[in-house]
Amino acid sequence: MNALALFVLSGISFVAFLPLSRSEEPQRKSDEDNLLVVTVATKETDGFRRFRRSAKHFNYTVKVIGEGEKWRGGGYMSAPGGGQKVRLLKAALEEMKEEKRIVLFIDSYDVVFASGPRELLKKFQQAKHKVVFSSETLIWPDRHLEDKHPHVREGRRFLGSGGFIGYVPNLKELVADWSGEDSESDQLFFTKIYINPEKRKSINITLDNKCRIFQNLHGSLDEVVLKFEDGHVRARNVLYDTLPVIVHGNGPTKLQMNYLGNYIPKVWTFETGCTVCHQDLKPLTGLKESEYPLVVVGVFIQQPTPFVTVFFQRLLKLNYPKSRLQLFISNQEPHHETHVSSFVKDNRELYHDVKVVGPEEKMDAVVSRNVGLDICRQTKDCEYFFSVDVEVVLKNEDTLKILIEQNRPVIAPMITRPGRLWSNFWGALSADGYYARSEDYVDIVQGRRVGVWNVPYVSRVYLVKTGLLQSELSENDLFNSDTLDPDMAFCQYLRNQGVFMYATNLHTFGRILSTDNVHTSHLHNDLWQIFENSLDWEERYLHENYTRIMRDKLIETPCPDVYWFPVFSDVGCNHIVEEMEHFGQWSGGRNTDTRIQGGYENVPTIDIHMNQVGYEKEWQKLLLDYIAPITEKMYPGYYTKAQFDLAFVVRYKPDEQPLLRPHHDASTFTINIALNQVGLDYQGGGCRFIRYNCSVDAPRKGWALMHPGRLTHYHEGLRTTAGVRYIAVSFVDP
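Residues numbered from 1 in each chain as written. Predicted model: local features only at pLDDT ≥ 70, side-chain atom pairs only at ≥ 80, totals over all residues. Heavy atoms only, no water.

Let us now look at the sheet that holds strand E5 (residues 102-106). Here we have 6 strands laid out as an open sheet, ordered E4-E3-E5-E8-E7-E9, and mixed in their pairing. The sheet is open, and its two edges are formed by strand E4 (62-65) and strand E9 (205-207), each paired on a single side. Between one strand axis and the next, the sheet turns by 25° as a mean value, whatever way the strands run. As paired strands, strand E7 (residues 131-136) and E9 are joined by 3 bridges and run parallel to one another. Looking across to E9, one finds that Val-131 is bridged to Ile-205. The strands touched by helix H6 (residues 186-194) within the sheet are E7, strand E8 (158-167) and E9, with E8 carrying the most contacts at an inclination of about 75°. (Pairing = 2+ DSSP bridges. Helix = DSSP H or I, 4+ residues; strand = E, 2+ residues; numbered from the N terminus. Axes fitted to C-alpha atoms, helices over the stretch in contact; angles between N-to-C directions. Contact = heavy atoms within 4.5 Å.)

Averaged over all residues, the pLDDT of the protein chain is 94; the fraction at 70 or higher stands at 95%. For the stretch residues 1-24, pLDDT sits under 50, and the model shows 33 contacts to residues farther than four places along the chain or on other chains. (pLDDT = per-residue confidence, 0-100.)

What follows deals with the side chain of Asn-396. When you line up the elements, Asn-396 lands in the loop between strand E20 (392-394) and helix H12 (399-406). What makes Asn-396 buried here is its relative accessible area of 15%. At 3.2 Å, the side chain of Asn-396 and the backbone oxygen of Thr-508 are in polar contact. Discounting chain neighbours no more than four positions away, the residues touching Asn-396 are Leu-318, Ile-402, His-507, Thr-508 and Phe-509. (Buried < 20%, exposed > 50% of the residue type's maximum accessible area, 1.4 Å probe, protein only. Polar contact = N/O pair within 3.5 Å; in protein donor to acceptor, adjacent residues only side chain to side chain.)

Here the focus is the packing of aromatic side chains. Applying the stated rule across the entire model yields 41 aromatic pairs. A ring pair is formed by Phe-51 and Phe-113, whose centres lie 5.6 Å apart and whose planes are at 35°; its orientation type is tilted. Of this pair, Phe-51 sits in helix H2 (residues 46-57) while Phe-113 is found in strand E6 (residues 111-113), placing the two residues 62 residues apart along the sequence. Comparing Phe-51 with Phe-113, the two get one shared label, buried. Feature note: the residues Phe-105, Phe-133, Phe-164, Trp-178, Phe-189 and Phe-190 constitute an aromatic cluster, connected by ring pairs. The ring of Tyr-167 carries Lys-130 above its face, with NZ or CZ at 4.9 Å from the centroid. Over the ring of Tyr-502 we find Arg-408; its NZ or CZ atom is 4.7 Å from the centre of that ring. (Phe/Tyr/Trp six-rings, centres within 6.5 Å; stacked < 30°, edge-to-face > 60°. Lys NZ or Arg CZ within 6 Å of the ring centre and 35° of its normal.)

Looking along a regular strand, one sees the side chains alternate between the two faces of the sheet. Among the 9 residues in strand E33 (residues 644-652), 8 count as buried, and that is most of the element. In terms of strand pairing, strand E32 (residues 607-609) meets E33 through 3 bridges, oriented antiparallel. Within the sheet, the bridge partner assigned to His-609 lies in E33 and is Phe-648. Of the pairings in the sheet, the one linking E33 to strand E42 (residues 725-732) comprises 8 bridges and is antiparallel in character. Bridged to Phe-648 within E42 is Val-729.

This part covers the state of the cysteines. Note on terminology: disulfide describes a covalent bond linking the sulfur atoms of two cysteines. In the structure shown here, the tally under the stated rule is 3 disulfides. Note that Cys-274 is cross-linked by a disulfide to Cys-277, the S-S spacing being 1.9 Å. In this structure the cystine formed by Cys-274 and Cys-277 twists about its S-S bond by roughly 100°; its chirality is therefore right-handed. An identical accessibility class is assigned to Cys-274 and Cys-277; each is buried. Residue Cys-559 pairs covalently with Cys-694 via a disulfide, S to S 1.9 Å. Of note, the bridge from Cys-559 to Cys-694 carries an S-S torsion of about -85° and is left-handed in sense. On the criterion of sequence distance, the pair formed by Cys-559 in strand E30 (residues 556-559) and Cys-694 in strand E38 (residues 694-696) is long-range, its members being 135 residues apart. (Disulfide = S-S within 2.5 Å.)

Here we come to the environment of Arg-236. Looking at the secondary structure, you find Arg-236 in strand E12 (residues 232-237). Sequence separation between Arg-236 and Gln-378 is 142 residues, and the spatial gap between their C-alpha atoms is 48 Å. Not counting residues within four places of it along the chain, the set of residues in contact with Arg-236 comprises Glu-223, Val-224, Val-225, Lys-227, Asp-241, Thr-242 and Leu-243. A distance of 3.0 Å separates a polar atom in the side chain of Arg-236 from a polar atom in the side chain of Asp-241.

Shown next as structure tokens:
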């Protein structure tokens, strides 16, 4: 270690660093041993645990007073209070006899340490006073006392009672005259002492005017930035260019404190990533099925939503013992009654219990969510409530396990909307309580910063500990507000109770569906989601091998210039066929056809056009996004915009239209997709290219034949001898 020495030679000052003598290092260690941190914490909150973690990181010795007492000292949202802290401190000081003892008295629920005892004591000694209080830019609670505060050349003038440090004898003198009620103002009590010149001098009080020790955030948010350095994180006051030892989210700055607490002192750094994400976990590994925590799962359906059937399939696949899951399904949308009833009918016996509330009960979003929490409160052995909206796509089957193991009071798996910065958490709030973007929001959403983040708002999907529902969240109406939607009202209640909410992006969990432009008039409405929810559309309707076509060279060439590749999944094929049969208006297979320009079809089929069911725009997007790239690969130099006049589903039946005579297509190229399976759904069928005497006799379900339409590929549809054959045909670029 080095000591600072000053030499004066011939009137010129020099600064040099000399080694500490052997006696100085033990002396410094002794000073640290004399330091005691004292804080009031009547109960262990999330904020206190954060404070304790930061104190432990720097090896502070902490004495907690007031444990188990009922708090009567008010709060930052109520009238001035805090007198209870003074009473408890006075009693604690009376037991301290060591005159050299230095006591740091600070709040804990909204405080973190940014540095250790050595720096703290050094800055305290440099203040050259026996007691140093934190300072504030705002005077509170009595503005009339402003003129009585000593003026300072630079820095803050007003005392902050949330943190001060001093020697025990001086602190005893500081609180000696306290005889107030617990609900009286500690801030006003200490302020009156400070503005009294005689008492200020007698006790030897000063303020930390430039935030070298204490950084109070209220009134100073624009002054404070995060400073990342050498694997640690500090708060830097840019106005005074100081690095405070202690950061205090006093007054209405709790959310900003939570944001800083995601980093300070070493919670998350660029070098280490998250350092606390794997602490205090609740491991489930090795538990017997009967030993897993009982979870009430609340499923909420509030509006027409795509892919509801898929949602329930994923719910069924959650990697968690179903006997330890109790379902509460609240469905306010009549359109989804069949989806819910089908799932419950097939799977009710798998679960611990299932309760369904349907549209006929007219239970709105507020009431249904309150009921869900209440079911968990009233269910014996329920340990968690897992809330999930039906528009949530949970891809990670371990989601519930991961959230439980994180052992947080309220935690949400981060999910996003593909291609957008929209997610199920907010990094900050605006002044009126709505969305604001935090500095780190984009990095978290895009995965450049990975961890477990204390945030002011979560929605769509989250896990709540039942212990909270029996204590801080014991009220029965947590989602109701005259001005806020249910999720915002719930999160506001959590914030007001000092309950921390977390969002984790340690894993990839899934995404959020768009519920804009949801069709409800078709049999299989999800087919129309190719625009709004293209990724979900792909997963449901594209062939499982479609993405491997180019990479693994899955394109086959059964005939010259005829290419064969997978496009649709079985579900995709089935839904298209069922949609057409549900529509039911098949053409008569005659030459006269009022559906087409000119009203005459030279080679008629029994079919339904895509525009008859309102699917022409969606079909063109299919051709453009999933067929055109293959076309351009297989026919080099040709580029298509996938325009078509005719796209239709053809039905072949032995007693209706079993085959199609030889013809050319009115297209530059044609796409012909088999929608059902030869040998299973029908016999015979296929396509023969006459010029090449080449046939595709056994079309694979979901696979497309792509071939030139005019001039070279004169072809015919081979006879269907049994069953019913369906194909989807597109004449592209006519």
